[in-house]
Amino acid sequence: MDGDRVEIDGGVMEGGGQILRVSTALSCLLGLPLRVRNIRAGRSQPGLRPQHLSGLEMIRDLCDGQLEGGEIGSTEITFTPGKIKGGTHTADTKTAGSVCLLMQVAMPCVLFAASPSELRLKGGTNAEMAPQIDYTVMVFKPIIEKFNVTFDCDIKRRGYYPQGGGEVIVRMSPIKELSPINLTERGTVTKIHGRAFVAGALPIKLAKDMASAAVKCIRKEIRDLYVSIQPVREPDNQAFGTGSGIIIVAETSTGCLFAGSSLGKRGKNSDRVGIEAAEVLLGNLRHGGAVDDYLQDQLIIFMALANGVSRVKSGPITLHTQTAIHFAEQLTKFTESCSPAGWIGSWGSSGVILQRTVIKAPVTSQIYCCKIG
């Protein structure tokens, strides 16, 4: 720490925008002044991109905080949080930057706002290197609601690479505390469904081809379940630009959700898009965990804020998850009501159970990761 300011190295571990999202969200929640250096040093184009800057500006505004170094390309920022307030908050990447990543940084903060909040998020809804909005609605939302959170996610308009132009409105009321979750029993797969979409100038045949290829791939391994993937053309008044893709979700008898998704692009065969999504889904089902690889890291901050012990069984821990845990530990150790954070156990190629204990929301005390199997 530099005086009372927590120092964060944004170039370690995952080395990307996730470090910025986790650190600034916890800074806002815990009232910790923050300096982040080497922002996105692990990326080919380091520094703040439009989506990162718009997320920072929204966090600044929703807590009446102070932000220095908030410029495109900046590799260092300082942030001093104020009191989190409700109301309407807008973030516009003005690019195809992911609205789902904007949601990741803002949502934990407004859960503890003084009044109900509305987040107006503009950019790409179905973008590479980020969750698709369909994943957020079909997987993230129902699992996060197990923490005793409720929120509405209204997709006003979809936006695709390179122009963006999408808009999503998220509405939520503040809560006193998050409930802990226990996701350790996967159960059996009871349903597989999804949607294959096209928008703009693309023909519906591409969506049908994606869906057909995905179903054939899944049936090579799972023969006793009907697989329903709906080909969809997005209405012209609800989509901006041209795009295509697919998401497939598997539901289990214990309420677990797993997904596989893929996006189309110029020169990429539609069958390949469908097969990619199916293979991702099947891979997530093979590892025996109770969450898929893309949900792991998104759960960490909510586990940290929950008032009690949360336990989640996953497949092999991803680098994004390790990064989220590392920075959750680093920031929470500076709060007076925290015990020293630390790991016990280890992880390997088999499934693991992430366990976190909390003294009092919204502050983390300890994090545990225990190898199983």
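Described below are features of the structure shown in this document. (Residues numbered from 1 in each chain as written. Predicted model: local features only at pLDDT ≥ 70, side-chain atom pairs only at ≥ 80, totals over all residues. Heavy atoms only, no water.)

Further remarks concern the packing of helix α2 (residues 50–62) against helix α3 (residues 99–110). As a packed pair, α2 and α3 sit with axes 9 Å apart at the nearest point and diverge in direction by 15 degrees. Considering their axes alone, α2 and α3 lie roughly parallel with respect to each other. Judged by the twist between their axes, the crossing of α2 over α3 is right-handed. Between α2 and α3, the residues in contact are Q51, S54, G55, M58, I59 and L62 and L102, V105, A106, C109 and V110, respectively. (Axes fitted to C-alpha atoms, helices over the stretch in contact; angles between N-to-C directions. Helix = DSSP H or I, 4+ residues; strand = E, 2+ residues; numbered from the N terminus. Parallel < 35°, antiparallel > 145°, perpendicular 65-115°, else oblique. Left-handed = near helix turned anticlockwise from the far one by under 90°. Contact = heavy atoms within 4.5 Å.)

Strand order in the open sheet formed by four strands is β1-β2-β4-β3, with mixed pairing between adjacent strands. Since the sheet does not close on itself, it has two edges, and those belong to β1 (6–9) and β3 (66–68), each with one partner. When strand polarity is set aside, the average angle formed by the axes of neighbouring strands in this sheet is 15 degrees. The strands that α2 touches are β3 and β4 (77–80); relative to β3, the one it contacts most, it runs at about 150 degrees. (Pairing = 2+ DSSP bridges.)

Further remarks concern the nonpolar core. Counting residues in each nonpolar core, the largest one holds 102 residues, and the members touching the most others are L62, F147, I192 and I248. Leave out the neighbours within four places in its chain, and I192 touches I218, I222, L225, Y226, V227, S228, I248, V249, A250 and L281. Counting five residues, the second-largest nonpolar core is a separate cluster that includes Y160, A199, A239 and L263. (Core = buried A, V, L, I, M, F, W, Y, C linked by side-chain atoms within 4.5 Å. Buried < 20%, exposed > 50% of the residue type's maximum accessible area, 1.4 Å probe, protein only.)

Evaluation of the coordinates by the stated rule reveals four aromatic pairs. Between F147 and F302, the ring centres sit 5.9 Å apart and the planes meet at 35 degrees, which makes this aromatic pair tilted. Within this pair, whereas F147 is found in the loop between α4 (133–144) and β7 (151–159), its partner F302 is found in helix α7 (residues 296–305), the two being separated by 155 residues in sequence. Note on F147: relative accessible area 0%, which makes it buried. By relative accessible area, F302 is classed as buried at 3%. On the numbers, 6.0 Å between centres and 20 degrees between planes, the contact of Y160 with F197 is stacked. (Phe/Tyr/Trp six-rings, centres within 6.5 Å; stacked < 30°, edge-to-face > 60°.)

Next up on the list: the sheet that holds strand β6 (residues 117–123). In space, the five strands of this open sheet follow the order β5-β6-β8-β7-β12, with mixed pairing throughout. Bordering the open sheet on either side are β5 (87–92) and β12 (239–240), each of which pairs with just one other strand. Strand direction decides the pairing type here: β7 and strand β8 (residues 166–172), joined by six bridges, are antiparallel. Residue pairing for β8: D154 is matched across the bridge by I169. In the packing of α2 onto the sheet, the strands contacted are β5 and β6, and the crossing angle to β5 comes to about 160 degrees.

Right, let's get into the pattern of salt bridges. Summed over all chains, the structure comprises 19 salt bridges. A salt bridge links R35 to E7, with the shortest nitrogen-to-oxygen separation between them at 2.5 Å. Residue R35 is located in strand β2 (residues 34–37), and its partner E7 is located in strand β1; the two are separated by 28 residues in the primary sequence. One salt bridge connects R195 with D134, and the closest N-O pair in it is separated by 3.2 Å. One end of the pair, R195, is in strand β10 (residues 189–199); the other, D134, is in helix α4, with 61 residues separating them in the sequence. A residue is classified by how much of its surface remains accessible, and R195, at 16% relative accessible area, is buried. Connected through shared salt-bridge partners, E7, R35, R37 and E76 make up one network. (Salt bridge = Lys/Arg side-chain N within 4 Å of Asp/Glu carboxyl O.)

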